[in-house]
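Close look at the chain arrangement
Chain by chain, the residues run as shown.
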Amino acid sequence: MPEPTKAELVTKVHQLQNLVDLSGTMLSRIESFSRLGYQYDGDRDIYEALGYKLSLDASDYYAQYSRQDIAKAVINKPVAATWRGDLTISESTDDEETELEKAWADMERRLSIKSKFARLDRLVALGHYGVLLLGFDDVQNEVDFFREVIPGRELLYVKPLTETSSQIQYWEEDTSSERYGLPKQYQISIIQPGGSSSRLISVHHSRIIHVAGEDLLENEIEGTPRLEAIFNRLKDLEKIVGGSGEMFWRGARPGYQGKVDPEFNMTQETIDGLKDQISEYEHNLRRIMVNQGVDLQALAAQVADPTAHVEVQLQMISAATGIPKRILVGSERGELASTQDRENWFDMIESRRQEFAEPRVVRPFIDRCIEYGALPEATLEGYGVEWTSLYEQSDKDKAEVGKIRSETLKNYSSAPVNQDVIPPEAFFKLFMSLTDEQIELINEQREAAIDEEALDFENQLEEPEI
């Protein structure tokens, strides 16, 4: 067996050092997890008493997302709001469409890029990071995935992947590289057609858009899973909601207390038959029991309302995620508080677009496509990312606002004394919430109507009498 070269030995040393660092990090995390819930110097362990898990992984978050309604809403609602509407690229303010704008519009239509971004967003939330695999046409076989992208190639597909399907295989260890400390190579798990099995391929980092979770701390590669901080609350919610269902099952149908007649000789056959009837009553919704020698008396039904307990859990989840409770549970009531919640929610989503979606998903993808020729170069001014406004009113909202304004204006104009108390311009601005431009347009049209009426009157005076 040949002796290893110096370079190979250095590589092995670096790999061992990485393992040592990783082990130290894991031990530090395990030590931190082990102290969760400790009180009174460890004499009381709340996590153990309440049945909470100390450490969580991607499988825990995926299972919770798959089976629990509120967990699904916590992840899906911000994603749906963030990527709602059109996502366009613009380079100039004139009406002429640039080459980059045309190419982006064509790529969006061909590959449904925005929907892929939304899927990636959900996958990122289920773990510490997610990736977007870029399928350029320079790949003729699986070995080509290992190589850097050849410039000037077409993008054929994009594939969002979870953290568990895109493990980091090697890190950049060259301290003189601008990518020092970043992933160098990934091991991607590709599911075979039919979903029965998968295969592993090594992929160069140039073919990967790496997106870390939103809540980054020291680590820029791995963020915080969205369900981590509220995982215990989600479990509590399951206990309350599931427990209330079981409580109703048992409590709404009364239990029975049996009193055996002392003069009745109960045989084993009678006992077995009564047991079968009781089991059917308990589990199979049997309504009638036939027996002899036993006086069955119904116990008082006990069913408690779990609403208050559910509300506490929802408030805690809302506080941790920033999602207003009315938005989280889908309230449609048109109250003032609900309107304020809607505005706060839109502010949060707008911030999420500017601080997460655009700088960490959209622009890295576009820049990578420009770098390798899948999209044309931008102009000297660069390009901008334009989102559909969240605050744009629907047709129904516009109709309701118009109805309210017309009724308000009718009440104002029906009593002339109102105009002496509140001048029209102040009324339009304070009570009708019109902008200065809208008020100016009203005044111009009113003056034009007055001038037209005056002109008609003058014309009538000048007409000769017949």
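Look up: the structure comes first, before these words.
About the cut-offs
- Residues numbered from 1 in each chain as written.
- Predicted model: local features only at pLDDT ≥ 70, side-chain atom pairs only at ≥ 80, totals over all residues.
- Heavy atoms only, no water.
- Helix = DSSP H or I, 4+ residues; strand = E, 2+ residues; numbered from the N terminus.
- Buried < 20%, exposed > 50% of the residue type's maximum accessible area, 1.4 Å probe, protein only.
- Areas by Shrake-Rupley, 256 points an atom, 1.4 Å probe, with all protein chains shown as cover.
- Pairing = 2+ DSSP bridges.
- Axes fitted to C-alpha atoms, helices over the stretch in contact; angles between N-to-C directions.
- Contact = heavy atoms within 4.5 Å.
- Parallel < 35°, antiparallel > 145°, perpendicular 65-115°, else oblique.
- Nonpolar A, V, L, I, M, F, W, Y, C, P; charged D, E, K, R; others polar.
- Salt bridge = Lys/Arg side-chain N within 4 Å of Asp/Glu carboxyl O.

1. Digging into the overall build of the chain
The number of helices and strands found in the chain is 15 helices and 12 strands. The buried share of the chain, reckoned over its 466 residues, is 31%. On the chain, roughly 30,200 Å² of surface is accessible, and the fraction owed to carbon and sulfur atoms is 52%.

2. As for the sheet that holds strand β4 (residues 129-136)
Hydrogen bonds along the backbone pair up the strands of a sheet, which may run parallel or antiparallel. With respect to topology, three strands assemble into an open sheet ordered β5-β4-β9, the strand pairing being antiparallel. Pairing within the sheet leaves two strands with one partner each, and these edge strands are β5 (155-161) and β9 (208-212). If you compare each strand with its neighbour and ignore which way they point, the axes differ by 15° on average. As paired elements, β4 and β5 share six bridges and run antiparallel to each other. Considered in β5, the bridge of Leu 134 is made with Val 158. Set on the sheet, helix α6 (residues 113-125) makes contact with β4, β5 and β9; between it and β5 the angle comes to about 25°.

3. Quick look at the packing of helix α5 (residues 99-111) against α6
The interhelical angle for the contact between α5 and α6, taken along N-to-C directions, is 65°, at an axis separation of 6 Å. In terms of their interaxial angle, α5 and α6 are classed as roughly perpendicular. Along the contact surface, α5 presents Trp 104, Met 107, Glu 108 and Leu 111, while α6 presents Ile 113, Lys 114, Lys 116 and Phe 117. Considered class by class, the residues forming the contact of α5 with α6 number five nonpolar, no polar and three charged.

4. Remarks on the pattern of salt bridges
Counted under the stated rule, the structure contains 17 salt bridges. Across the salt bridge formed by Asp 60 and Lys 53, the nearest N and O atoms sit 2.9 Å from each other. The exposure class of Asp 60 is buried, given its relative accessible area of 14%. A relative accessible area of 41% places Lys 53 in the partly exposed class. One salt bridge in this structure joins Arg 326 and Asp 341, with 3.5 Å as the shortest N-O distance. Pair noted here: Arg 326 is in helix α10 (residues 325-329) and Asp 341 is in helix α11 (residues 336-371), with a separation of 15 residues, a long-range link.

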